[in-house]
Amino acid sequence: MSATITPQKPSNPIANTLTSGQLPRRIELYVLLGALALSAVLLLLIGFNIAGWLVLAAVIYLIALGILSSFVETRRKATDRVVRGLVTVAFLLALAPLISTLYTVVSKGIGVINWNFITQTSASVFDPDTLEVTTQVGAWQAIVGTLIITGIAALISIPIGILTAIYLVEYAQPKQWLARTVTFLVDVMTGIPSIVAGLFAFSLFSIIVGPKAFSGFSASVALSVLMIPIVVRSCEEMLRLVPMDLREASFALGVSRFSTITKIVLPTAIAGIVTGVMLAIARVIGETAPIFMAASFTDNFNSNPFDGPMQTLPVMAYTGYKFPGQDIAASNDSAWGAALLLVILVVILNLIARVVAKVFAPKGSR
Amino acid sequence: MVILAGVALFLIIQAVPAIVADWPSNGDLNEGPTAGFANFWSYVGPLIWGTLFASAIALVIGAPIAIGIALFISHYAPRRLAGALGYLVDLLAAVPSIVFGLWGIIVIRPFLLPLSEWLNTYLGWIPLFGGTVSTTGSTILAGGVVLAVMILPIITSISREIFLQTPRLHEEAALALGATKWEMIKLAVFPYGRSGVISATLLGLGRALGETMAIALIISPAILVSVRMLTEGENSQTIAANIALNFPIATTLQREALIGTGLLLFVISLAVNMLARVIAGRAGASANRKRKAMLAQLPPSDPSTVLAVDDVLAKRHEADDARAEEASVEQTESEIDEEKRKGTDA
């Protein structure tokens, strides 16, 4: 039966949510500009500062957009827009400390750093004429200490880390209990508080050599406790990225497992491994607490890692603020100088890591 | 593994004399930082409270922001920018903690002063904000804010990876049903990533617990249990900062007491970390197999590892793109060839 039903027009038309009110496309930009202007005006009345301006603008923007959108569009769309705004604000909020930190360190430290600061050791200079003790500011002992301690830590942890990673990826069966335990423990070890690593090294060495066991080497041990899990984890990730096809092709040619690893897997992954190691070094070079525990601090130049306290840049920054010398301003200055040097060092390591990743990247399509 | 056992073993060996010592009658423990405590536990109790309190502040401030950033990078930011933005946030992790400490002293402390006063004036009846407001800003709130900045990159990078792993089909199904972007995220992304995000937050907590320098530099502490966030000299001290402050001036037995507190810190953060891993692992096991394969292991939690992996993967993606382009060029060429052939046939 095919009776034609004449479509009845609904007496009062239902609002079609698909075509009903929509805000213009650029509305978010307009609202943002409006919010910025409004908050600027409001703040000019009570005193202007940039942080307050931005925060107020963000709040006004979110509220205005929410209200506008829930009137013109639906409530669901309003929520969507507000959440989009919130998420963006969260991101900008995270950038603020990064920029602010870098700016502070550079602006405070730049005045301190010069050739003398880098090449002198700090000391108290007694002037016999005026009978005044002036502090000579220098970071040479800290730079040397940092490089030695981090270098030894890297020497200890890189072989152990890479070998563990090779074991995990190439030799261990994924279901094997040993492999799973090692992976789990490595993961957990990444979470060891750095200060605990320092205490560990200190107690280890005070058992071996008795109390006052401060030495650069024990700081290196502390750092390698922190560094090994990082190296293992990044090497593991890198080795897993090597395609299985390459290994299978090598095995199919009758190559032994060992040769496959040294000739095929490692060369393919070397860029990633070097990058990972560099970043791991950059990570531990800034550790303060463990070095502070294990190597203590000193103003004297000491290049023997097995004897006596050793100064490092992060510790210098810390002690400069917390235990200032005679001349408090000079101590604080040297703290900022050390901090800036440290940041520069970290940036250099990060850059090297990136460059290495570019240069050593395996040729040809993978 | 050996190292982990070794760490525990040596800490225990060193800590035992102080833990079992008779505190009130022991001359060595009766002066300096450990003076006036009945026994080891009454010394370490307030410290544990302080550690947890500071970390909790950091987490309350940091975790929502970190998850917001992760969402922004994974779902809101333009594709091309997302990688670079993620890298920026990871850079936060590359800044040494001591630098954050110094930054906290001269930027965050004065920055929070007006806020502290406002909170104290209008919300002072809440114990959190009560007491006399600090004039220098060396409060546990300032410490917490700096800690929050420091744990941002960890939570962000892990959550980001997990959000990116959300099955594309789930997201598209939600969008096809008419969900807005936020509803899609609520329906598809959050349920999928919940366990991962919880683990990430716990890992962030673990980091905050062990963070030393920022707290040691910023807070002006006392060893007591206090919930006040804005006062000075009445803040609860944290374990790590307490060790850092008192270690150089401590005598041998006091040092051993400090090592004992360090041992407890070690146990706490180990527990938190294991819990994080177990949550991630269990969620993976209880779900279907496909998901298990994806979430059985958390993405690397250390930012430097993340940076390294990002570097290599980015290059691989570039290579993939290049190859895809080549392929498409070849394809169009072959199509053109075919068309020509057709033309000649005709």
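Residues numbered from 1 in each chain as written. Chains lettered and ligands numbered in written order. Predicted model: local features only at pLDDT ≥ 70, side-chain atom pairs only at ≥ 80, totals over all residues.

The next subject is the overall build of chain B. Along the backbone of chain B there are 12 helices and two strands. Listed by position from the N terminus, the elements making up chain B come as α-α-α-α-α-α-α-α-β-β-α-α-α-α. For chain B, the proportion of its 346 residues judged to be buried stands at 51%. Pairs at least 24 apart in sequence give 79% of the contacts found in chain B among residues at least 6 apart. (Helix = DSSP H or I, 4+ residues; strand = E, 2+ residues; numbered from the N terminus. Buried ≥ 20, exposed ≤ 12 C-beta atoms within 10 Å, placed from the backbone. Contact = placed C-beta atoms within 7 Å.)

When helices and strands are tallied, chain A shows 13 helices and two strands. In chain A, buried positions account for 42% of the 366 residues. For chain A, the share of sequence-separated contacts (at least 6 apart) that also reach a separation of at least 24 residues comes to 70%.

Before going further, it helps to examine the domain arrangement of chain A. All names here are of chain A. Assigned domains within chain A: domain 1 (27-109) and domain 2 (133-243 + 252-359). For domain 1 and domain 2, the distance between their C-alpha centres works out to 40 Å. Each partner contributes to the interface: domain 1 provides four residues, whereas domain 2 provides five residues. Residue composition of the side of domain 1 that touches domain 2, by class: two nonpolar, one polar and one charged. (Domains from an automatic or database assignment. Nonpolar A, V, L, I, M, F, W, Y, C, P; charged D, E, K, R; others polar.)

Right, let's talk about the packing of helix 3 (residues 75-109) of chain A against helix 4 (residues 97-123) of chain B for a bit. At a minimum axis separation of 10 Å, helix 3 of chain A and helix 4 of chain B run at an interaxial angle of 90°. As judged from the angle between their axes, helix 3 of chain A and helix 4 of chain B are roughly perpendicular. Contacts from Ser-100, Thr-101, Thr-104 and Val-105 of chain A in helix 3 of chain A reach Val-99, Phe-100, Trp-103, Ile-106 and Val-107 of chain B in helix 4 of chain B. The residue makeup of the contact of helix 3 of chain A with helix 4 of chain B, split by class, is six nonpolar, three polar and no charged. (Axes fitted to C-alpha atoms, helices over the stretch in contact; angles between N-to-C directions. Parallel < 35°, antiparallel > 145°, perpendicular 65-115°, else oblique.)

What follows deals with the interface of chain A and chain B. Where the parts come together, the accessible area they lose is often given as the size of the interface. With 79 residues of chain A in contact, the opposing surface of chain B contributes 72 residues. Going through the elements one at a time, helix 3, helix 6 (177-189), helix 7 (194-209), helix 8 (216-241), helix 10 (257-285), helix 11 (289-295), helix 12 (313-322) and helix 13 (328-359) of chain A are the ones with two or more residues in the side of chain A that touches chain B. When residues in the side of chain A that touches chain B are grouped by element, the largest group, 20 residues, is from helix 3 of chain A. Across the side of chain A that touches chain B, the residue classes break down as 49 nonpolar, 19 polar and 11 charged.

Take the nonpolar core next. Counting residues in hydrophobic clusters, the biggest one holds 175 residues, and the most contacted among them are Ala-339 of chain A together with Leu-102 and Ala-244 of chain B. Broken down by element, the residue count for this core peaks at 18 residues, all from helix 2 (residues 40-76) of chain B. Non-local contacts of Ala-339 of chain A, meaning those with residues more than four positions away in its chain, are made with Val-105, Gly-109 and Ala-317 of chain A together with Ile-98, Val-99 and Leu-102 of chain B. Among the nonpolar cores identified, the runner-up in size contains seven residues, and Ala-35, Ala-57, Tyr-61 and Leu-65 of chain A belong to it. (Core = buried A, V, L, I, M, F, W, Y, C linked by C-beta atoms within 7 Å.)

As a further point, take the confidence of the model for chain A. Chain-level pLDDT for chain A is 77 on average; 80% of the residues reach the 70-or-more range. The secondary-structure element of chain A with the lowest mean pLDDT is strand 1 (residues 121-127) of chain A, recorded at 61, while helix 9 (residues 244-252) of chain A shows the highest, at 88. (pLDDT = per-residue confidence, 0-100.)

With that settled, the discussion passes to the confidence of the model for chain B. All names here are of chain B. Scored by pLDDT, chain B has a mean of 73; 61% of the residues are at 70 or more. The least confident element of chain B is helix 11 (residues 289-295), whose mean pLDDT is 41; the most confident is helix 6 (residues 168-176), at 87. Note on residues 285-297: pLDDT under 50 across the span, and 11 contacts to partners over four residues away in sequence or across chains. Reported confidence for the predicted complex is 0.76 by ipTM and 0.77 by pTM.

Now for the packing of helix 8 of chain A against helix 10 of chain A. Residues and elements named next belong to chain A. Relative to each other, helix 8 and helix 10 sit at 150°, their axes nearing to 8 Å. Taken together, helix 8 and helix 10 sit at an angle that is classed as roughly antiparallel. The crossing of helix 8 and helix 10 is right-handed. For the pair helix 8 and helix 10, contact is made by Leu-223, Leu-226, Met-227, Ile-230, Val-231, Ser-234, Cys-235, Met-238, Leu-239 and Leu-241 and by Val-265, Ala-269, Gly-272, Ile-273, Gly-276, Val-277, Ala-280, Arg-283 and Val-284, respectively. (Left-handed = near helix turned anticlockwise from the far one by under 90°.)

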